[in-house]
Amino acid sequence: MIDFRFDIITEYSHFFLMGTLLTIGLSLASVFLGSLLGLFIAIGELLENKVLAFIFKAYVGFFRGTPLFVQILIIYFGVIPALFGEANGIVSAITALSLNAGAYIAETIRAGIQSISRGQAEASRSLGMNKFQSMRYIILPQAIRRILPALGNEFISLIKDSSLASTIATPELMYWAQSMNAQYYRVWESYISVALIYLILTLTANFILKHFEKKVPVK
Amino acid sequence: MIKVTDLKKAFDGNVILKGINLDINAQEVVVLIGPSGAGKSTFLRCLNQLETINSGHIFINGEDITNPKVDINKIRQKLGMVFQDFNLFPHMTVLENIMISPMKVKHESHKTAYETAIQLLNKVGLLNKATAYPDDLSGGQKQRIAIARALAMKPSVMLFDEPTSALDPEMVGEVLAVMQNLAREGMTMIVVTHEMGFAREVGNRIIFMDRGYIVEENSPQNLFSHPQKERTKAFLSKILSSQNNTLNTLQL
Ligand SMILES: Nc1ncnc2c1ncn2[C@@H]1O[C@H](COP(=O)(O)OP(=O)(O)O)[C@@H](O)[C@H]1O
Ligand SMILES: [Mg+2]
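Keep in mind the model is a prediction, meaning the values are calculated, not measured.

### A few points about the UniProt feature "domain: ABC transporter" (unreviewed entry) in chain B
Mapped onto this numbering, the UniProt entry gives "domain: ABC transporter" (unreviewed entry) at residues 2-236 of chain B. As a span, residues 2-236 of chain B carries 38% helix and 26% strand, and end to end its C-alpha atoms are 27 Å apart.

Encoded structure:
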């Protein structure tokens with residue numbers, strides 16, 4: 001520890017910066033796509049048609065019941081090459097993280113929707129709204145307010161989970177820590193540096209989200 | 001204008017409505033009374049198909065709304081419903097609560113919906129609450145807004161399911177007054193209530209329901225003064241003794 005080499009950290013600072021930006025980008029893209037997917041799946045799970053609903057539940061079961069790392073490898077080595085003819089780290093990372101986050105977010109959204117009292121749906125339907133209008137104007141706006149904190153936590157999880165993308169040639173933050181370690185055999189410099197950066201990212205995200213939550217009252 | 005024939009409804013094999021027959025004329029105020037669990041709410045909810053019925057028919061202006069081809073969203077626009085626990089939309093202001101359905105369902109312009117809403121707020125005496133949120137209203141105010149919200153769809157019938165049962169006693173009068181005004185203006189109404197004063201004053205016809213049947217129906221005078229059936233008598237004596245001050249709650 002005495003010969004802690006700040007010089008190689010300085011040398012890598014540019015890479016760490018690029019990696020951090022990619023980490024943030026992956027997390028933002030995945031929480032966004034995951035939320036859209038999660039909403040779609042949540043509504044699918046609530047369908048009256050039991051067979052259709054089961055398909056959506058099975059999706060959630062699969063993605064929550066298998067390791068994210070395994071999902072990332074399947075998508076990187078299997079799905080994306082099969083679809084596009086070649087492997088692509090960033091596309092695979094966003095795909096895997098979004099599909100995985102979608103499953104978790106779906107559960108959050110479903111619980112949020114179900115937490116809105118039946119009377120709200122009945123009142124809106126009694127006014128002539130169809131199911132879609134009732135969901136769109138009455139149920140979801142109320143559910144989203146309750147879901148927001150959980151979505152924030154999902155985003156913070158994604159910042160950390162995206163580090164797994166380092167294994168599929170995606171130059172995010174963790175990838176550069178491993179490059180540094182491979183180049184200089186310096187474990188502490190490599191991993192402590194990125195650990196600190198991850199910590200700063202999650203603490204900052206947490207701070208922003210908490211601030212944001214206060215502004216959106218849960219009515 | 002509403003005709004119900006042999007309506008039956010069961011929940012999981014448990015028969016709640018055992019064959020209801022009823023004719024309601026335009027501008028009539030029908031008050032539905034009966035003990036808790038009689039099936040009054042279920043009956044109202046069947047009328048606007050919040051519950052799917054097992055058998056029987058419901059005709060509204062001659063159209064059989066139990067026909068699966070009927071667009072129920074269209075029918076529901078004609079049947080305003082007021083719930084015991086208000087069910088205002090908490091994330092919207094009072095104005096938005098009233099305007100959302102006319103705008104989204106009937107595609108009324110903002111201007112038209114707004115003008116109607118203001119007019120209705122005036123009618124229920126809550127113009128000063130236009131920009132308030134439901135959480136900031138008292139129970140009586142909430143229910144008056146709920147009535148205005150239902151009226152904004154210009155229904156031809158209003159269904160009230162115990163609209164004053166969740167209210168503090170001092171707020172019952174203001175809601176009943178709004179309902180009475182509505183009746184005076186010629187609205188067709190079906191009202192489930194335990195407010196016997198209101199039933200007597202405002203009702204054109206009282207229907208006594210018990211255990212899934214209509215036991216007895218008559219004009220208020222006849223039903224209250226000369227109930228024919230034992231069950232009606234028992235119910236009335238019980239409720240009137242516990243409610244001897246009801247007539248005072250309604251300040252006419
Ligand atoms: N959704 C439901 N599922 C099962 N049973 C129900 C349901 N709604 C009402 N019931 C039953 O139907 C009966 C009549 O209820 P209700 O119509 O609410 O009576 P009332 O309004 O006259 O008090 C009650 O025994 C109640 O438990
Ligand atoms: Mg009831």
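### Some details on a nonpolar patch on the surface
All names here are of chain A. A contiguous nonpolar patch, built from V70, I74, V79, L83, F84 and V91 and spanning about 530 Å² of accessible area, is present on the exposed surface. Among the elements that line the nonpolar patch, the one with the most residues is helix α3 (residues 68-84), at five residues. By the element assignment, F84 lies in helix α3.

### Notes on the pairing of strand β10 (residues 213-218) of chain B
Within a regular beta strand, the side chains point alternately toward one face of the sheet and then the other, so they alternate between its two faces. Residue and element names in this part refer to chain B. Bridge analysis of strand β9 (residues 205-210) against β10 gives five bridges, and the strand direction is antiparallel. In the strand pairing of β10, F208 is matched with E216. What sits between β9 and β10 in their antiparallel hairpin is a turn of two residues, with R211 showing a positive phi close to 50°.

### Details of the packing of helix α1 (residues 6-45) of chain A against helix α4 (residues 89-115) of chain A
Residue and element names in this part refer to chain A. The N-to-C vectors of α1 and α4 enclose an angle of 45°; their axes lie 6 Å apart at closest approach. On the basis of their axis angle, the class for α1 and α4 is oblique. In this structure, α1 meets α4 at a crossing whose hand is right-handed. Residues that form the contact of α1 with α4 fall into these classes: 18 nonpolar, six polar and three charged.

### Looking at the nonpolar core
Within the largest apolar cluster, 83 residues are counted, with the highest numbers of intra-cluster contacts made by V4(B), L7(B), F43(B), L47(B), I58(B), L159(B) and M209(B). If you tally residues by element for this core, the top one is helix α6 (residues 131-161) of chain A, at 12 residues. Among all residues touching M209(B), those that are not within four sequence positions of it are L17(B), I20(B), L32(B), I33(B), G34(B), P35(B), A38(B), G39(B), K40(B), F43(B), I214(B) and V215(B). Within the second largest apolar cluster, 52 residues are counted, among which are L88(B), F160(B), V191(B) and L236(B).

### Focus: the UniProt feature "transmembrane region" (unreviewed entry) in chain A
Residues and elements named next belong to chain A. In this structure's numbering, the residues bearing the UniProt feature "transmembrane region" (unreviewed entry) are residues 15-42, 54-79 and 190-209. Summarising residues 15-42: 100% helix, 0% strand, and an end-to-end C-alpha distance of 39 Å. For residues 54-79, helix accounts for 92% and strand for 0%, while the C-alpha atoms at its two ends are 23 Å apart.

Thresholds applied
Residues numbered from 1 in each chain as written. Chains lettered and ligands numbered in written order. Predicted model: local features only at pLDDT ≥ 70, side-chain atom pairs only at ≥ 80, totals over all residues. Heavy atoms only, no water. UniProt positions renumbered as here; feature names shortened; annotations may be inferred. Helix = DSSP H or I, 4+ residues; strand = E, 2+ residues; numbered from the N terminus. Patch = residues over 30% accessible without salt bridge, like charges linked within 9 Å, V, L, I, M, F, W, Y side chains within 5 Å. Areas by Shrake-Rupley, 256 points an atom, 1.4 Å probe, with all protein chains shown as cover. Salt bridge = Lys/Arg side-chain N within 4 Å of Asp/Glu carboxyl O. Pairing = 2+ DSSP bridges. Axes fitted to C-alpha atoms, helices over the stretch in contact; angles between N-to-C directions. Parallel < 35°, antiparallel > 145°, perpendicular 65-115°, else oblique. Left-handed = near helix turned anticlockwise from the far one by under 90°. Nonpolar A, V, L, I, M, F, W, Y, C, P; charged D, E, K, R; others polar. Core = buried A, V, L, I, M, F, W, Y, C linked by side-chain atoms within 4.5 Å. Buried < 20%, exposed > 50% of the residue type's maximum accessible area, 1.4 Å probe, protein only. Contact = heavy atoms within 4.5 Å.

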